[in-house]
Amino acid sequence: MLGRMFEKLMGDTGRAIRTYAGDKEFLAAAASLAANVTWADGEVEEKEIKKSKQVISANPIIKASYQPFEVEKAINEALDRGETRSGRMQNQRFIEAMQARDLKDREDVFLIGVDVADVGDIGDDEKKVLMKGAELLGVDGVALMG
């Protein structure tokens, strides 16, 4: 019991520190998954980019830490990487770097990807990218999409 309380306190403290210091790992992972989802069907649509900016900027960690231009820069960099196979693999590494984080943070990153994919219908290509993201994050993608 005491161990769980200490673990929760440390997790909350770590989250607060990352919020004020700027959580680069979270921003990079969220932008990378959003970019890979956006590129899933081989086309980048303006409404997907707009949705990426909207959902990433709305996250409390990001909102407290970054100006809108910083979020936009991270998304644009991830989209630029996503144009090539090697860049999409680099994006996957940013996503995978979240594995050591608590489940809530990993689920938040995944759900950002789902929100971006949900512009229109979530197609098979986008589902494939999302399921890879879920695997890299260590979350239950099927349950979170349900």
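Residues numbered from 1 in each chain as written. Predicted model: local features only at pLDDT ≥ 70, side-chain atom pairs only at ≥ 80, totals over all residues. Heavy atoms only, no water.

*Asks:* Residue-level account of the overall build of the protein chain, with values.
*Replies:* Looking only at helices and strands, the protein chain features nine helices and zero strands. Across the protein chain, helices and strands are ordered from the amino to the carboxyl terminus as α-α-α-α-α-α-α-α-α. Taking all 146 residues of the protein chain together, the buried fraction comes to 41%. When contacts within the protein chain are restricted to residue pairs at least 6 apart in sequence, those whose partners lie at least 24 apart make up 75%. Taken as a whole, the protein chain presents about 8400 Å² of accessible surface, with 54% of it coming from carbon and sulfur. (Helix = DSSP H or I, 4+ residues; strand = E, 2+ residues; numbered from the N terminus. Buried < 20%, exposed > 50% of the residue type's maximum accessible area, 1.4 Å probe, protein only. Contact = heavy atoms within 4.5 Å. Areas by Shrake-Rupley, 256 points an atom, 1.4 Å probe, with all protein chains shown as cover.)

*Asks:* Mind laying out the pattern of salt bridges, listing which residues take part and the relevant values?
*Replies:* The full count for this structure, using the stated rule, is eight salt bridges. A salt bridge links Glu 25 to Arg 101, with the shortest nitrogen-to-oxygen separation between them at 2.9 Å. Taken together, the residues Glu 25 in helix α2 (residues 24-39) and Arg 101 in the loop between α6 (85-96) and α7 (103-117) connect sequence positions 76 residues apart. Looking at Glu 25, the relative accessible area reads 32%, which means it is partly exposed. Since its relative accessible area comes to 9%, Arg 101 is described here as buried. (Salt bridge = Lys/Arg side-chain N within 4 Å of Asp/Glu carboxyl O.)

*Asks:* Just give me the short version of the environment of Glu 25, but keep the residues and values in it.
*Replies:* Each C-alpha atom, one on Glu 25 and one on Met 98, is 7.1 Å from the other, the two residues being 73 residues apart in sequence. Apart from residues no more than four positions distant in its own chain, Glu 25 is found in contact with Ala 97, Met 98 and Arg 101. Of the polar contacts made by the side chain of Glu 25, one reaches the side chain of Arg 101; its length is 2.9 Å. (Polar contact = N/O pair within 3.5 Å; in protein donor to acceptor, adjacent residues only side chain to side chain.)

*Asks:* Which residues make up the side chain of Arg 106, and what values go with them?
*Replies:* By the element assignment, Arg 106 lies in helix α7. This buried residue, Arg 106, is left without a salt bridge; Asp 102 holds the nearest opposite charge, at 6.6 Å. When sequence neighbours within four positions are dropped, the list of residues in contact with Arg 106 reads Met 98, Gln 99, Arg 101, Leu 137, Gly 138 and Val 139. (Lys, Arg positive; Asp, Glu negative; His and termini not counted.)

*Asks:* Pulling in residues and values, what's your account of the packing of helix α3 (residues 46-58) against helix α5 (residues 68-81)?
*Replies:* Where α3 contacts α5, the two axes come as close as 10 Å, and the packing angle between them is 130°. Here α3 lies oblique to α5, going by the angle between them. For the pair α3 and α5, the crossing hand works out as right-handed. Across the interface between the two elements, Ile 49, Ser 52, Lys 53, Ile 56 and Ser 57 of α3 pack against Val 71, Glu 72, Ile 75 and Leu 79 of α5. For the contact of α3 with α5, the per-class residue count stands at five nonpolar, two polar and two charged. (Axes fitted to C-alpha atoms, helices over the stretch in contact; angles between N-to-C directions. Parallel < 35°, antiparallel > 145°, perpendicular 65-115°, else oblique. Left-handed = near helix turned anticlockwise from the far one by under 90°. Nonpolar A, V, L, I, M, F, W, Y, C, P; charged D, E, K, R; others polar.)

*Asks:* Now, about helix α8 (residues 124-137): what can you tell me, with residues and values included?
*Replies:* Counted at 1.5 Å a residue, the expected span for α8 with its 14 residues is 20 Å, and the 20 Å between its end C-alpha atoms agrees. Within the sequence span of α8, burial applies to Glu 126, Leu 130, Gly 133, Ala 134, Leu 136 and Leu 137. Along α8, the residues classed as buried sweep out an arc of 160° about the axis, all on the same side. Exposed and facing more than 90 degrees away from the buried side of α8 are Asp 124, Lys 128 and Glu 135. Directly after α8, the chain includes Gly 138, whose backbone phi takes a positive value near 70°. (Expected span 1.5 Å × (residues − 1). Arc of directions from axis to C-beta.)

*Asks:* I'd love a proper account of the environment of Lys 132, names of residues and values included.
*Replies:* The topology assignment puts Lys 132 in helix α8. Once the C-alpha coordinates of Lys 132 and Leu 33 are considered, the two residues, 99 residues apart in sequence, prove to be 9.6 Å apart.

*Asks:* Which residues make up the nonpolar core, and what values do they have?
*Replies:* By size, the foremost hydrophobic cluster in this structure holds 34 residues, and its most contacted members are Phe 26, Ile 56, Ile 62, Val 109, Phe 110 and Leu 137. Of all the secondary structure elements, the ones that give two or more residues to this core are α2, α3, α4 (60-65), α5, α7 and α8. For this core, the leading source of residues is α2, giving 10 residues. Here Phe 110 is in contact with Leu 33, Leu 130, Met 131, Gly 133, Ala 134, Leu 137, Val 139, Gly 141, Leu 144 and Met 145, once residues within four sequence places are set aside. (Core = buried A, V, L, I, M, F, W, Y, C linked by side-chain atoms within 4.5 Å.)

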